Structure formats: structure tokens, C-alpha cells
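Close look at the chain arrangement
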Amino acid sequence: MPAVHTLLLEEALQDSPQTRSLLSVFEEDAGTLTDYTNQLLQSMQRVYGAQSEMGLATEQLSRQLLEYEKQNFALGKGDEEVIRTLQQFAETVGELNTLHSELATQMADRMIFPMIQFREKDLTEISTLREIFGIASDEHEAAMVKYSRLPKKKENEKVKAELVGEVAYSRRKQHQASMQYYCALNALQYRKRVAMLEPMLGYTQAQINFYKKGIDLVSKKMDSFLGSVSSMTQNIQAQLDSEAEAMRMTQRELLSMEDTVYMPDRDTAPVNRTLIQKAGYLNIRNKTGLVTTAWDRLYFFTQGGNLMCQPRGAVAGGMVLDLDNSSVMAVECEDRRYCFQITSPNGKTSMILQAESKREYEEWICTLNNISRQIYLTDNPEAVAIRLNQTAIQAVTPITSFEKRGEGSPNPDRAKPGGMQSSSGASQKTSSAAEPEDLIVPGTPIQFDIMLPASEFQDQNRAGGRRTNPFGETDDDCSPESDDSLLQQVFAVRFLGSMAVRSGQSQEVIYEAMRQVLAARAIHNIFRTTESHLMVTSSCLRLIDPQTQVTRIGFQLQEVTQFVAHQENGRLMGFVVEGRDWSKEGEEGEPSFSAFVFESNTEGEKICYTISLGKDIMEAKKDPEALVQLLKNKPLTNEGKFLLLDSETGSTANGGAPDEESEA
């Protein structure tokens, strides 16, 4: 150990400049020690604060581990094995918290307290003695100045004695202060060594005790437990690695697909027409004003017989529309593609939706039509939907012109169109209701449009010659020149389809024809129709092209055996026409019946009322008195020729409306 420098007490009385110079060195050393001690104490207090915070943190950690069992996870309650393991960890952390708290107490007693005591006792004493020594030195200097000024000629013994006594007193006081100051500075050289070592010794001993108790706690009590936890974490990590590798492979496989997957309306997969549930994003049109609309992109899905909607970010979806017995048809929007409309059975609620692609557009229409027929209520809805689709494909043959069907009986292997009703509407039928095969001729094709060749238009306009249609009807008595009826009413309609039926005296025949025509259009994606004018007179019905005023097809009113509007969708109406099948043996041929289905712009009941009125006028013509009585109840035009009825199209038979196309 090196020698310690000291101040000689013998030189304190003389107070020489050399002694003062050496004293300044000791004072500088004491100042440096004071600064370092303050910094060291701050570091020790930081360690103690961290250890105290460690105790509080471990206590909170132990409580939080016990809270895991009480958590209500969205995916289910926590794993029981994990809960038990965390509870054991919480107990161990609680014991470690006790050790941390004990370590913090030992740090406070063995490290912080000795350092504070050294600073407050030794360093503060040095500072105080320095001030006392300085005051004593100043007093001694002042007394010596007074003594030095005593006069040489006129000495005053009394004054001299007082000054001598004052000098002696101040010198003694300075001598005592300097010796105390020198002793404290000399002792500080030893105290600073102890002050630096004692706190660290206490800190180290406290840490050693902490580690010893920690080793006893962890090694002896937790070796087997930590081994089992390590094995469990390794197994979980292995499962994670396996799952991560599987996800990476799936990700690479998905990313290796063609770019067409990301492109809208580029899906090459075939359309599935047998779905009974579907989900996806659609755009819905909302009115924002009297004439303005806005489109919102929302997530739609079907649930049972309901159409549900769930905005992005919402917790659950809400019901939008009941799809049972609703009608779904494609519509034309000026600014959008792939739009379709859903209308409730009563016609009061409707909405227009837009699909992202053509495939989605067709699948949504087919799915909603399947749900509308309540297939989802059957025992095996998927099989029923597949069977109905196959039956419809076999039974429906789209024909674009009114060509006569080939002679001979239908293919016996072809499925019956009425079979579509047997499964979807079984819950609604009674035992006395007629079966579909009793209403519709099995195997008959459905004709979706009336398109006459140009030669037929020319022949009809020039000569008005006889024209034969597939069902035996003629229009030789329905020309404008020969029509002198009292009734002439025009309606804007769209022809949906026609098919042969067994009977012309039952309204059920028309209802079944409507159902099969709409189902066939949905299955075959035949949604576009052309608007025509249906003229009802007291002698005939004529379907007129609104642009060319050419009669597409006409029927004698006495040949119309039945007519009715749909019970739920009031815009649908149909009628049955009786004809003759000349291919059968006999001079007059056998009677045949054909059902025609139309969609009107307003209510089909108005058309049915007008047809009924025309039949009444036709019957009243046989009795002049009955005709006069009938005309008294109906107002006439100024010319006295036609009965006054509300015109739907705003034009008569001689006026034309522009040709409009819509989608059914």
C-alpha cells in the first residue's frame, strides 16, 4: 500500500507559505473526492431503484400470469396445460419477487447507506472546518494589522496591551482551527479508501446471497418442471415450423397462378347453376336524390331464404330481403354492366345489384332463383338443385323464331318440365292440386321470342295473307282494315315465352307456364326481351312491333280460352289460345292449347280486364239490346268508335313507340 501524504501539525502555528501551498493540494483533493462521491452515489441509487422496480415488476408479472385463466378469448378458452404451467410460473415468479425485494433491502443497507454516511459525515465535516479555518485566518490577519499600526513615539500601554491580547487570542484560535482542519484532511486520505470499498463489498455480498437462494429455488425445485416446459415449447415450435412451411408452400402455389386470377371478368371457370347459397361483394344502387343515385360496394350472402348484407368492418350482417317467391331478373343500367334486380313477391320492394364479372352475375341470378323456389327447404337441396338444372336443360329448347316443331311424338327419354315443380313446390301443394305433367305437355320446347323473317313482314303488309304459326293460330281476321271493333286498347308488354299446354280452361296452366318460362330463362341466361305493343280489341289480340307497326302475331278473341295475372307478381300475365293440330287425323283436327306469358309495364290485371271487356262486347254483339246496355255504361271517344280506357302507352294502334329493350 503506498504511503499516505499528511499535513504536519507542527507547522500549523507558523502557517508558512509552503504549508499553505501543501494545504491547497489537500483541499483540491477533497473537492475532487466530493464530486466523484456524488456521482458514484447517483449510480448506486440508480441500481437500487432498478432493483426496487424489479421487485414491483416481478410482483405484477406474477399477478398477470394468474389472470390468463380468466381471459375470455374470442377463439375459445385457453389451453388447460398452458394455464397450469403459467400458474406454476406465477408461483415461482412470486418467490423470485421475495428474493428481489430482499436484495433491494440489502442494497439499501450495505451500499447506499455507507456512501451517504461518508458524504454527510466526512465530506461535510471537511467543508465546515475549511470555513472555520478561513474565518480564523481572516481574524488573525486583522488583529496583526491593528498591532502593526501602534505608534512608536507615543505608546499607550493600555492600547498596546489590548492589541497584544487580541493578537494572541486570534492566533490561538487560528492554531486550533488549522490543527483540526489538518487532522480531518489527513484522516480523509484513509476514509476515502474505506468509503469506496465498503459499499461495493455490501453490494457484492447481497448479490451473492441473492444468487445462492435463486440457485436453490430454481435448480432444486424446478429442474424437472423447466425440462417439461422446454419439451412442450419445442413441440409447439416444431408444429409452428411445419405449419409455416405448409403456408409458404400454399403461398407459393397461389402466387404461381396466372395473372387472370387478379383480373375482374377473366374467370374461366364454368358457371355453376345449381348453387343454393352464395356470398361475395356486390354493388348496390341507392337513391341520393330525386334523380341521382350512388353505388355502394357491400358484402352480400345468402342464409336460408334470406339475402343478408354486411358492410366492411361490421361485426355481423343484417337481413336485406326475403327471397322466397321473389323474382330475379337482369336489368339494363346506363352506366353499369352485369346488373340484376330482385323484386319481392308483392312488388313493393326491389333493389338493383351489380356483380363484378359475368360469371358472378350469372351465378348470383341462378342462385337467387333457386332460393326463390325454396329448394333449401328440401331434405337434400344440392341434389334437388342439380336435378332441376338437368331437367330444365333437357326440357327447354330455346327457339328464336316461330317455326313449326317437327312432327312426331317427343323423345320419351326427355325429362318432364313439370318435374321442376314436384320438388321445389311440394310443400305448397295439396293432395287435390293438379300435377305439373297434367298441365304442361311433357317434352315441349319453350319459345322465348317472336321473330318473323323479312319476307313474312312484306307478305303480311302487302297482301295480309294467311300465316300459319306453330300452334295453329291464324291472324286473317285481325288486320286493321277489317277491325271495326268498339274496343281498341294498347299495352306496352314484353314477350317472355310460350309453350304447349294440355288444357285451356284452368288458370293453374298459366301459373305453371309462367314458372317454367322464368326458370328456363334464368337457367339459360336468356334475359333480354324486346318491348312490343299488345292491342286488345273486341275481336282479336295483336302483338305489334312499336317501331314498324308490323303485327308480329295475332289471335282471335274467341280463341283465347283463359287469361290471368300472376297472384304475387302483378306485372306478369298470360293467356291460353286454342288452336287445331292438323297433323292429327280428322278433318277438323284435334284441339291444341298454347300458353303465352308476358310482362307488362304496370299491372297485368288491367290487360285481363280489357280482354274480359272485349269478350263481353263480342258476346253482346249477338244481342243488339245487350250491346246498347253495355255501351251505356262505357264512355266513347268523340268519334263514337272506341271505348274510352286509360291508355298505357299513350298511343293507339296507328301510333308507335320507339323500340326499347330490357332484360327479364
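- Looking at an unreviewed UniProt entry, one finds the protein chain named DCC-interacting protein 13-beta and attributed to Salmo salar.

**Remarks on a nonpolar patch on the surface**
- On the surface, L254, L255, M257, V261 and Y262 cluster together into a nonpolar patch covering about 510 Å² of accessible area.
- With respect to the helices and strands, the residue M257 is situated in the loop between α3 (157–255) and β1 (279–287).

**A closer look at the confidence of the model for the protein chain**
- With 79% of its residues at a pLDDT of 70 or more, the protein chain has an overall mean of 78.
- Here residues 452–477 is modelled with pLDDT under 50, and outside its nearest four sequence neighbours on either side it reaches 53 contacts, counting other chains as well.

**Observations concerning the nonpolar core**
- Counting 29 residues, the largest nonpolar core has L23, F118, I126, Y181, L185 and L188 as its most contacted members.
- Sorting the residues of this core by element identifies α1 (17–66), α2 (80–148) and α3 as the ones contributing at least two each.
- Tallying contributions element by element places α2 first for this core, with eleven residues.
- If we skip the residues at most four places from it in the chain, L188 touches A30, L33, F118, D122, L123 and I126.
- Counting 26 residues, the second largest nonpolar core, distinct from the first, contains I553, F555, F575 and M618.

**Re a negative patch on the surface**
- A contiguous patch of negative charge on the surface is contributed by E69, D79, E80 and E81.
- Secondary-structure assignment places E81 in helix α2.

**Observations regarding empty space enclosed by the protein**
- This structure, assessed with the given rule, holds two cavities of 30 Å³ or more.
- Mapped onto the lining of the largest cavity, the elements with two or more residues apiece are α4 (358–372), α5 (381–395) and α9 (507–523).
- If you add up the space inside the second largest cavity, you get close to 50 Å³.
- Considering the residues around the second largest cavity, the lining is formed by L99, E102, L103, Q106, A206, N209, F210 and K213.
- Of all the elements in the fold, those that place two or more residues in the lining of the second largest cavity are α2 and α3.
- For the lining of the second largest cavity, a count of residues per class yields four nonpolar, two polar and two charged.

**Quick look at the environment of T250**
- Within the secondary structure, T250 sits in helix α3.
- Among the polar contacts listed, one links the side chain of T250 to the backbone oxygen of A246, at a separation of 2.9 Å.

**Some details on α9**
- Given a rise of 1.5 Å per residue, 17 residues ought to cover 24 Å, and the 25 Å separating the end C-alpha atoms of α9 matches this to within 8%.
- The buried fraction of α9 amounts to 14 of the 17 residues, a majority that puts the element mostly inside the structure.
- Backbone nitrogen of E508 and a side-chain oxygen of the N-cap are separated by 3.2 Å at the start of α9; the cap is S506.

**Concerning the sheet that holds strand β3 (residues 306–310)**
- The seven strands are arranged β4-β3-β2-β1-β7-β6-β5 in an open sheet whose pairing can be described as antiparallel. At either margin of the open sheet sits one strand with a lone partner, and together these are β4 (318–322) and β5 (327–331). Between one strand axis and the next, the sheet turns by 40° as a mean value, whatever way the strands run.
- Sheet topology places β1 next to strand β2 (residues 293–303); nine bridges connect them, and they run antiparallel. Residue pairing for β2: A279 is matched across the bridge by F301.
- Contacting β1, β2, β3, β5 and β6 (339–343), α4 runs over the sheet at an angle of about 15° to β6.

**Some details on the packing of α1 against α2**
- Contact geometry of α1 with α2 gives a least axis separation of 8 Å together with a crossing angle of 160°. In this view, α1 runs roughly antiparallel relative to α2, as classed from their interaxial angle. Between α1 and α2 the crossing geometry is left-handed.
- A class-by-class count of the residues in the contact of α1 with α2 yields 29 nonpolar, 14 polar and five charged.

**Considering the side chain of R515**
- Secondary-structure assignment places R515 in helix α9.
- A distance of 2.9 Å separates the side chain of R515 from the side chain of E512, its partner in a polar contact.

**A word on α2**
- Taking 1.5 Å of rise per residue, the 69 residues of α2 would be expected to cover 102 Å, and the 98 Å separating its terminal C-alpha atoms lies within 8% of that figure.
- The largest bend along α2 reaches roughly 35° and is located at I112, with the proline P114 sitting one to four residues downstream.

**As for the packing of aromatic side chains**
- Inspection of the entire model under this criterion finds 13 aromatic pairs.
- Residues F133 and Y182 carry aromatic rings whose centres are separated by 6.5 Å and whose planes lie at 45° to one another, so their mutual orientation is tilted. Here F133 is found in helix α2, whereas its partner Y182 is found in helix α3, with 49 residues between them in sequence.
- We classify Y182 as buried; its relative accessible area is 0%.
- Summarising the aromatic geometry, the rings of Y299 and F301 are spaced 6.3 Å apart at their centres and angled 40° between planes, so their arrangement reads as tilted.

**So, the pattern of salt bridges**
- Taken as a whole and assessed by the stated rule, the structure comprises 22 salt bridges.
- R63 is the partner of E59 in a salt bridge, and the nearest nitrogen-oxygen pair spans 3.4 Å. Here R63 and E59 lie together in helix α1, a separation of four residues that amounts to about one turn.
- We classify E59 as partly exposed; its relative accessible area is 35%.
- On the basis of relative accessible area, R63 is assigned to the partly exposed category, the value being 47%.
- With a shortest N-O distance of 3.6 Å, E599 and R571 are connected by a salt bridge. Within this pair, whereas E599 is found in strand β14 (residues 590–600), its partner R571 is found in the loop between β12 (560–565) and β13 (572–581), the two being separated by 28 residues in sequence.

So, how was this worked out
- The residue numbering used here restarts from 1 in each chain and proceeds along that chain's sequence as written.
- Predicted model: local features are reported for residues with pLDDT of at least 70 only, side-chain atom pairs are reported and counted for 80 or more only, and whole-chain, interface and lining totals are derived from all residues.
- Hydrogens are left out, water is left out, and the side-chain values use all remaining heavy atoms of the structure.
- Patch membership requires over 30% relative accessible area and the absence of a salt bridge. Like charges are linked within 9 Å, and nonpolar side chains (Val, Leu, Ile, Met, Phe, Trp, Tyr) within 5 Å.
- Using the Shrake-Rupley algorithm and a 1.4 Å probe, accessible areas are obtained, with residue cover drawn only from the displayed protein chains.
- Every case where a carboxyl oxygen of Asp or Glu lies within 4 Å of a side-chain nitrogen of Lys or Arg is listed as a salt bridge.
- Segments assigned H or I by DSSP are reported as helices when at least four residues long, segments assigned E as strands when at least two residues long, and all are numbered from the N terminus.
- A score from 0 to 100, pLDDT tells how confident the predictor is in each residue.
- Contact criterion: two residues are considered in contact whenever any of their non-hydrogen atoms come within 4.5 Å of each other.
- By convention a nonpolar core is built from buried Ala, Val, Leu, Ile, Met, Phe, Trp, Tyr and Cys residues, the set being connected through side-chain atoms within 4.5 Å.
- Classification of residues uses two cut-offs on accessible area relative to the type maximum, computed with a 1.4 Å probe and protein chains only: under 20% is buried, over 50% is exposed, and between them is partly exposed.
- Only four residue types enter the charge count, namely Lys and Arg as positive and Asp and Glu as negative; His and the chain termini do not.
- Positions of charges follow a simple convention, taking NZ of Lys, CZ of Arg, CG of Asp or CD of Glu.
- Definitions used for this entry: grid spacing 1 Å over protein atoms alone; cavity, a set of points where a 1.4 Å probe fits but cannot get out; pocket, an open set with protein on both sides within 12 Å along at least 5 of 7 lines; lining residue, one with an atom within 4 Å of a point.
- Grid points are joined across faces, edges and corners, and a volume is the space filled by probe spheres set on the points.
- Residues are grouped as follows: nonpolar covers Ala, Val, Leu, Ile, Met, Phe, Trp, Tyr, Cys and Pro; charged covers Asp, Glu, Lys and Arg; every other residue, Gly included, is treated as polar.
- Each polar contact in these results corresponds to two N or O atoms within 3.5 Å; when the atoms are within protein, one needs to be able to donate a hydrogen and the other to accept it, and residues that are neighboring in sequence are counted only if both atoms are side-chain atoms.
- One fewer than the residue count of a helix, multiplied by 1.5 Å, yields its expected span.
- A pair of strands is labelled paired if DSSP reports no fewer than 2 bridges between them.
- An axis is simply a line fitted to the C-alpha atoms; with a helix, the fit covers only the stretch in contact. Between two such axes, the angle follows the N-to-C directions and lies from 0 to 180 degrees.
- Note on angle classes: values under 35 degrees are labelled roughly parallel, values over 145 roughly antiparallel, values of 65 to 115 roughly perpendicular, and the remainder oblique.
- The sense of a crossing depends on the near helix, which, turned anticlockwise from the far helix by less than a right angle, makes the crossing left-handed and, turned clockwise, makes it right-handed.
- We define the bend at each residue as the angle formed by axes fitted to the 7 residues ending at it and the 7 residues starting at it.
- Side-chain rings of Phe, Tyr and Trp, where Trp is taken by its six-membered ring, are said to pair if the distance between their centres is within 6.5 Å; with planes under 30 degrees apart they count as stacked, over 60 as edge-to-face, and otherwise as tilted.

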